[in-house]
Structures are given as structure tokens and as C-alpha cells.
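Residues per chain are reported as follows:
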Amino acid sequence: MEKADFGQLCRDNATADNHGLSANVLPITRRYLVDNNKEKLPVIWLETSDSGDNNIAFMNTTFPYLNQVFSDMIDLIYSNTFMAAQGNDALMLMDDTINRYHGRFTLVVEGAIPTKDGGIYNIIARTKNGPITALEAVRRLGAAAQYVVAIGTCASFGGASSAEPNITGSAGVGQVLKREVINVSGCPVNPDWFVGTLAHLLMYGKPELDDLNRPKLFYEFTIHRHCQRRSYFDKKDLAKKLGDIECMFSQGCSGPRTSSDCPYRQWINHVSWPVKVNTPCIGCTNRDFPDGSAPFFTPLPQKSKSEGTGHSEQIKPKKGEDT
Ligand code: SF4
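Residues take numbers from 1 onward in each chain, read along the sequence in its written order. Selection of residues for local features in this predicted model requires a pLDDT of at least 70, selection of side-chain atom pairs for listing and counting requires 80 or more, and totals for whole chains, interfaces and linings are taken over all residues.

Description of the overall build of the chain
Logical step 1: Each helix is a run of DSSP H or I of at least 4 residues and each strand a run of E of at least 2, with the numbering of both proceeding from the N terminus. Counting secondary structure elements, the chain contains 14 helices and nine strands.
Logical step 2: As a reference, a globule follows 2.2 Å times the number of residues to the power 0.38, and the radius of gyration itself is taken over C-alpha atoms. Against the 2.2 N^0.38 benchmark of 20 Å for 323 residues, the chain shows a C-alpha radius of gyration of 21 Å, consistent with a compact globule.
Logical step 3: In terms of its C-alpha atoms, the chain occupies a principal-axis envelope of roughly 70 × 50 × 30 Å.
Logical step 4: Throughout, a pair of residues is in contact if the C-beta atoms placed from their backbones lie within 7 Å. Taking contacts inside the chain between residues at least 6 apart in sequence as the whole, the part at least 24 apart equals 73%.

Remarks on the packing of helix α1 (residues 3-12) against helix α9 (residues 191-204)
Logical step 1: At their nearest, the axes of α1 and α9 sit 12 Å apart, and the two run at 170° to each other. In terms of axis orientation, α1 runs roughly antiparallel to α9. The residues of α9 that touch α1, namely those facing Lys3, Phe6 and Cys10, are Gly196, His200, Met203 and Tyr204.
Logical step 2: Classification convention: Asp, Glu, Lys, Arg as charged; Ala, Val, Leu, Ile, Met, Phe, Trp, Tyr, Cys, Pro as nonpolar; all other residues, Gly among them, as polar. Of the residues that constitute the contact of α1 with α9, the class distribution is four nonpolar, two polar and one charged. Axis definition: a line fitted to C-alpha atoms, limited for helices to the stretch in contact. Angles are taken between N-to-C directions and run from 0 to 180 degrees. An angle below 35 degrees is read as roughly parallel, one above 145 as roughly antiparallel, one from 65 to 115 as roughly perpendicular, and any other as oblique.

Quick notes on the site of the ligand
Logical step 1: Any residue whose backbone-placed C-beta atom lies within 6 Å of a molecule or strand is treated as near that molecule or strand. The local shell around the ligand holds 14 residues, among which Cys227, Cys247, Phe249, Cys253 and Gly255 are the closest.
Logical step 2: Secondary-structure elements contributing two or more residues to the shell around the ligand are α11 (223-226) and α12 (230-234).

Focus on the nonpolar core
Logical step 1: Nonpolar cores are identified as sets of buried Ala, Val, Leu, Ile, Met, Phe, Trp, Tyr and Cys residues joined via C-beta atoms within 7 Å. Counting other C-beta atoms within 10 Å of its own, a residue is labelled buried from 20 upward, exposed at 12 or fewer, and partly exposed in the gap between, with every C-beta atom placed from the backbone. Ranked by size, the top nonpolar core spans 53 residues in total, and within it Ile44, Leu107, Val109, Val138, Val148, Val173 and Leu198 carry the most contacts.
Logical step 2: Here the element with the most residues in this core is α9; it accounts for seven residues.
Logical step 3: Leaving out residues up to four positions away in the same chain, Leu107 has contacts with Ile44, Leu46, Leu141, Gly142, Ala145 and Val148.
Logical step 4: Ranked by size, the runner-up nonpolar core spans 13 residues in total, among them Ile223, Cys227, Phe233 and Cys247.

Some thoughts on the sheet that holds strand β9 (residues 182-184)
Logical step 1: In short, DSSP must find at least two bridges between two strands for them to pair. Spatially, the five strands line up as an open sheet ordered β2-β1-β3-β7-β9, and their pairing is parallel. Whereas interior strands pair on both sides, the edge strands pair on one side only; in this sheet they are β2 (74-79) and β9. Neighbour-to-neighbour, the strand axes of this sheet turn through a mean angle of 25°, independent of strand direction.
Logical step 2: Pairing geometry for strand β1 (residues 41-47) and strand β3 (residues 106-110), over five bridges, is parallel. Within the sheet, the bridge partner assigned to Trp45 lies in β3 and is Val108.
Logical step 3: Taken strand by strand, helix α5 (residues 87-100) contacts β1 and β2, and its axis lies near 130° from that of β2.
Logical step 4: Docked against the sheet, α9 engages β1, β2, β3, β7 (147-151) and β9, running at close to 155° with respect to β9.

Some words on the pairing of strand β5 (residues 123-127)
Logical step 1: With four bridges connecting them, β5 and strand β6 (residues 130-133) associate as antiparallel partners. Following the sheet pairing, Ala125 is matched in β6 by Ile132.

A look at unusual backbone geometry
Logical step 1: Omega for the bond connecting Cys187 with Pro188 falls within 30 degrees of zero, at 5°, which places this linkage in the cis form.
Logical step 2: Of note, Pro188 is situated in the loop between β9 and α9.
Logical step 3: Look at the link from Ala294 to Pro295: it is a cis peptide, with omega at -10°.
Logical step 4: Looking at where Pro295 falls in the secondary structure, it is placed in the loop between α13 (262-265) and α14 (311-314).
Logical step 5: Unusually for a residue other than glycine, Asn166 sits at a positive phi of about 45°.

Remarks on the environment of Asp237
Logical step 1: Assignment of secondary structure puts Asp237 in the loop between α12 and α13.
Logical step 2: Along the chain, Asp237 and Val109 lie 128 residues apart, while their C-alpha atoms are 42 Å from each other.
Logical step 3: Setting aside its immediate chain neighbours within four residues, Asp237 contacts Tyr232, Glu246 and Cys247.

Remarks on the domain arrangement of the chain
Buried accessible area, meaning the area lost when the parts come together, often serves as the stated size of an interface.
Logical step 1: What marks off one domain from the next here is an automatic or database domain assignment. Segmenting the chain into domains produces domain 1 (3-218) and domain 2 (221-323).
Logical step 2: Between the C-alpha centres of domain 1 and domain 2 the distance comes to 30 Å.
Logical step 3: Of the residues that constitute the side of domain 1 that touches domain 2, the class distribution is nine nonpolar, nine polar and two charged.

So this is what it looks like as C-alpha cells:
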């Protein structure tokens, strides 16, 4: 399949009708591996400081099942979340991967990296020579990897783990490593965004990225552009309270300044997303999430009747917003 056709597939396969991208991409990667006599994408998946939401979202995907991704597309060599091996056996596997796959494996990091006090607030292993911090592991693995992919907003930009007062000095992977990091942000990441990015790396190499180093395949447009309530916004017809059917810009919706394809790809096997269930977008794919979106669900200031509804003034786009 040509690269341009794959890009189209990513955009076309974003609905429940066809089980989403993840289900459709596996036959393509399988065929690619056979036709080109290639091996699966070798992956080290390191979970650091996060809530585990990204791997949970990934595990909850019905199309495809997690094991199909592992058996048909990626060779998951080390994962401190998914692997059965523990202790020395696990550590040896990581060391062995660095030697055997130097410059050929993809490092996936899920979670922010605590940097304060030498990174002591996240330890991935204890050895007789002392603890191995996430900071040390990411630096070591990042220097040997072909690609580094940060999944989730914590890994991409620090996210909730680096929210004020950030007592652990947590930061995104790109802030810690002196190399390019592909950010697949979201809290959590949509499994399609992750599977699609890995498939692109396997078959075509690095995808085209936006100015936050995110694949344009999934983050090119704002939520606001494709939101089902957009016609209300255009008519300046805003919700007066949560639960109203109109545009929720008045209730603090971050859709105009947040990029992702949530309105049509949707979540939980592609059936729903926040605005569809009456919840304003909280901007979870953004670099400044969550501090930049907080406090969530803050209604716009109400104006007195003598000043009119105030809507036309209030919904003027700010710099950087897509209306
Ligand atoms: S402001 Fe929010 S609810 Fe309104 S159209 Fe934009 S994304 Fe949808």
C-alpha cells in the first residue's frame, strides 16, 4: 500500500461502522511483513509516571484484541507493564535488547519522567548497585532506539504528572532526551492513534508531524472544526448549563484550541466522546494540559441583559483558536 493510501485509510477508518483503524491496519501490516520479508517492529514499552490509562485504553479495545497487535505487528521485547518476567530476568532482557537491536528498536514511553533529585521518584528496578530510575532508563534506551514514541500526554508534555506544584520535577520525554520524540498525546491516548503511528513507523518510517511533534494523521485539525455542535457555535447558540444541547463553549469547552479527531473517531470502540455525552472538551491532547485547562467546566462570565447576551463578544476567537 502506498503511503498516501495509508494516510487516507487512517482518516477513513475512524468510525464504528468499519471497526475503526486498528482492526483494518493489521491485515495490511501482516501482508507487508510477508511481501517484504521483514520482521515485526521491535518495541520496548516503558511505563513511568502515569495512571496506566493509556495501556488500559489499549487493552479495552475490541478491534483488534491486544494480542493481535503483539502477534501481527510489533515484537514487544520488554514491557514493565505487560511482561511476565520479573527482577533480574527482566533487566537482562532490557540490556540484551539494547545490544541486539541497537539503532533498530522503537522505544515507547508511557508516563512522565521525574527529574528532581536525580529522578529518584520513579524507580523501575533495584539492583545490588543501586536503583535504576526512569530518568536513567529512558536516557539509556533513548540513546539506542531508532524511534522514540511518547504515548499519552504525561509522556508527551508532562501532563497531569507535572501539574502544579510538580514536586517531582516531572517532564515529558522530549524535554529529557536530546533527540526527536514522536508525541501521541491524549489522556488517555486513543488506541487507533497509537496503532496507526506504529504501523506507519513499520511500513514508511516517521509520519509527518505537527508543530508539537504529533502525527498529522490524527492531530491535524481542531476538535472544534468537526464537532457535532459546531452549527450551534456558528449561530452563537450557546448552552446555558451542562446538559443543554447547544455548543458548550459557554461551559468552558476547550475544543477550539485542542487538536485531535475525537469527534469522528470517538472512543470505547468508536461509539462516543465527551461532547456527545454532554461534557465539554477539557483539552487533554494539549501541551499545557491539565493546568492550562483548569478549572474545568468554567462557564463564561454572564453579562447583564442591558449588555445583551454577551455571546457575540465572548465567542470571538482568541489567538491560536480555530473557528
Ligand atoms: S466550542 Fe466545544 S462544543 Fe462548541 S462547537 Fe466547539 S468543540 Fe463543539
